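Descriptive structure summary
Each chain is listed here by its residues.
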Amino acid sequence: MNANLPLPAGEPPVSSRNDRGRVVRAFNLSLAFVLVLVAVFTAQGHFDWRPWAVAPLESDGLLGILGAPLLHGSVQHLAANSFALLILGTLAGSVYPKATLRAFPLLWIGSGLGAWLLGDIGSRHLGASGITHGLMFLVFVLGLLRRDRPAIAAGLIAFLFYGSMLITILPHEPGVSWQSHMGGAFAGIISALLFRLSDPMAPRKRYSWEEEDEDALEAQRDSDLEPPSPHRVPVLWQPREGQDFVVLPFRPRDSDSSR
């Protein structure tokens, strides 16, 4: 099959279809996680959720590292985290699908560990905001490390929507678990360093003037390697008539003359 044949009318290029599929897949996964959060919040009134929240520096509170991101204190709390998860999850999953899947467990555990290590004794920490902070820092730091066009665009979008997360990792409002925010943020930074090469970089778009410059350099290189024509070679020696040729007499040996 000829690879240069034009695509049928109305059919998008293969790369465009792949990009769209990655965005849809990342959005569906983010939406599925949000639906799980909604289901757990609906059921919170029917079971004792306190053992599943993070209790700082208590051995029993370690169980909350696994369960706390699924719990929320109010509808507003759930709505804020759900909206952030949809945006940041779709953004991270579409640009860095492999890195996001590998980083997600670290973000989950990191947000819980931050609350367990830094939280006030006797308090309870719950919510997925630590994961949202981890996703934001993951996307932002990957944009700084990779510096290709999709990475820079994703980092700018994440900063545009949730740049305030750079501040909310510090104490700023009573009742808000900045400790889990900080834990998730550190987990996002570490994940970006560990998994920055998990997804291949997109091929850089080449412009016509770049190809012309390369062709000119290649032609110049070929001309430098090709030997010059004979008429361009400088003459280093000019014979002088009557002085540059000497005739040496040849005298045969006696044995040769007797034969």
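Thresholds, definitions, all that
- Residues numbered from 1 in each chain as written.
- Predicted model: local features only at pLDDT ≥ 70, side-chain atom pairs only at ≥ 80, totals over all residues.
- Heavy atoms only, no water.
- Patch = residues over 30% accessible without salt bridge, like charges linked within 9 Å, V, L, I, M, F, W, Y side chains within 5 Å.
- Areas by Shrake-Rupley, 256 points an atom, 1.4 Å probe, with all protein chains shown as cover.
- Salt bridge = Lys/Arg side-chain N within 4 Å of Asp/Glu carboxyl O.
- Helix = DSSP H or I, 4+ residues; strand = E, 2+ residues; numbered from the N terminus.
- Expected span 1.5 Å × (residues − 1).
- Buried < 20%, exposed > 50% of the residue type's maximum accessible area, 1.4 Å probe, protein only.
- Axes fitted to C-alpha atoms, helices over the stretch in contact; angles between N-to-C directions.
- Left-handed = near helix turned anticlockwise from the far one by under 90°.
- Contact = heavy atoms within 4.5 Å.
- Nonpolar A, V, L, I, M, F, W, Y, C, P; charged D, E, K, R; others polar.
- UniProt positions renumbered as here; feature names shortened; annotations may be inferred.
- Core = buried A, V, L, I, M, F, W, Y, C linked by side-chain atoms within 4.5 Å.
- Phe/Tyr/Trp six-rings, centres within 6.5 Å; stacked < 30°, edge-to-face > 60°.

Turning to a nonpolar patch on the surface, a few remarks are in order. The grouping of Leu 57, Ile 109, Leu 113, Leu 117, Leu 118 and Ile 121 at the surface amounts to a nonpolar patch, some 560 Å² of accessible area in total. Secondary-structure assignment places Leu 117 in helix α4 (residues 97-118).

Time to look at α4. For α4, with 22 residues, the first-to-last C-alpha span of 31 Å sits near the 32 Å given by 1.5 Å per residue. Those residues of α4 lying buried are Ala 99, Thr 100, Ala 103, Leu 107, Trp 108, Gly 110, Ser 111, Gly 112, Gly 114, Ala 115 and Trp 116.

What follows covers the packing of helix α5 (residues 129-146) against helix α7 (residues 178-194). Contact geometry for α5 and α7: axes closest at 7 Å, N-to-C directions at 35°. α5 and α7 meet at a crossing whose hand is right-handed. Facing α5, whose interface residues are Ser 129, Gly 130, His 133, Gly 134, Phe 137, Leu 138, Val 141, Leu 142 and Leu 145, α7 presents Ser 180, His 181, Gly 184, Ala 185, Gly 188, Ile 189, Ser 191, Ala 192 and Leu 193. Grouping the constituent residues of the contact of α5 with α7 by class yields nine nonpolar, nine polar and no charged.

Let us now look at the pattern of salt bridges. On inspection of all chains with the given rule, the structure shows one salt bridge. Residues Asp 148 and Arg 146 are paired through a salt bridge, measuring 3.8 Å at the closest nitrogen-oxygen approach. Under the relative-accessibility criterion, Asp 148 is labelled buried at 12%.

Right, let's get into the UniProt feature "transmembrane region" (unreviewed entry) in the protein. As recorded in UniProt, the sites labelled "transmembrane region" (unreviewed entry) are residues 26-47, 78-96, 103-119, 125-145, 152-172 and 178-197. Note that residues 152-172 is 52% helix and 0% strand, and that its end C-alpha atoms are spaced 29 Å apart.

Let us look at the environment of Asn 81. Position of Asn 81 relative to the elements: it lies in helix α3 (residues 75-95). Each C-alpha atom, one on Asn 81 and one on Pro 69, is 10.0 Å from the other, the two residues being 12 residues apart in sequence. For Asn 81, the contacting residues outside a window of four places in its chain are His 72, Gly 127, Ala 128, Ser 129 and Thr 132.

Our focus in this paragraph is the nonpolar core. The biggest cluster of nonpolar side chains holds 37 residues, and the ones touching the most others in it are Leu 85, Leu 88, Leu 135 and Tyr 162. Secondary structure elements with two or more residues in this core: α1 (14-43), α3, α4, α5, α6 (149-162) and α7. Leave out the neighbours within four places in its chain, and Leu 85 touches Ser 30, Phe 33, Val 34, Leu 37, Thr 90, Ala 128, Ile 131, Thr 132 and Leu 135.

This brings us to the side chain of Ser 180. Looking at where Ser 180 falls in the secondary structure, it is placed in helix α7. Each residue touching Ser 180, except ones within four places of it in the same chain, is listed here: Ser 111, Gly 114, Ala 115, Ser 129 and Gly 130.

Turning to the environment of Phe 159, a few remarks are in order. Checked against the element boundaries, Phe 159 lands in helix α6. Contacts of Phe 159, omitting those with residues within four sequence positions, involve Met 136, Phe 140 and Leu 166.

Excluding glycine, most residues fall at negative phi; most peptide bonds, likewise, are trans. Unusually for a residue other than glycine, Leu 57 sits at a positive phi of about 60°. Structurally, the position occupied by Leu 57 is in the loop between α1 and α2 (64-67). Using a relative accessible area of 47% as the deciding quantity, one classes Leu 57 as partly exposed. Notably, Arg 147 is not glycine yet its phi reads approximately 60°, a positive angle. For Arg 147, the position within the fold is in the loop between α5 and α6.

With that settled, the discussion passes to the packing of aromatic side chains. Per the counting criterion, the structure on display carries four aromatic pairs. Here Phe 33 and Phe 104 contribute two aromatic rings whose centre-to-centre distance is 5.6 Å and whose plane-to-plane angle is 90°, an arrangement assigned as edge-to-face. Note that Phe 33 is positioned in helix α1 and Phe 104 in helix α4, a separation of 71 residues in sequence. Ring pairing ties together the aromatic residues Phe 33, Phe 104 and Trp 108, which thus form one cluster.

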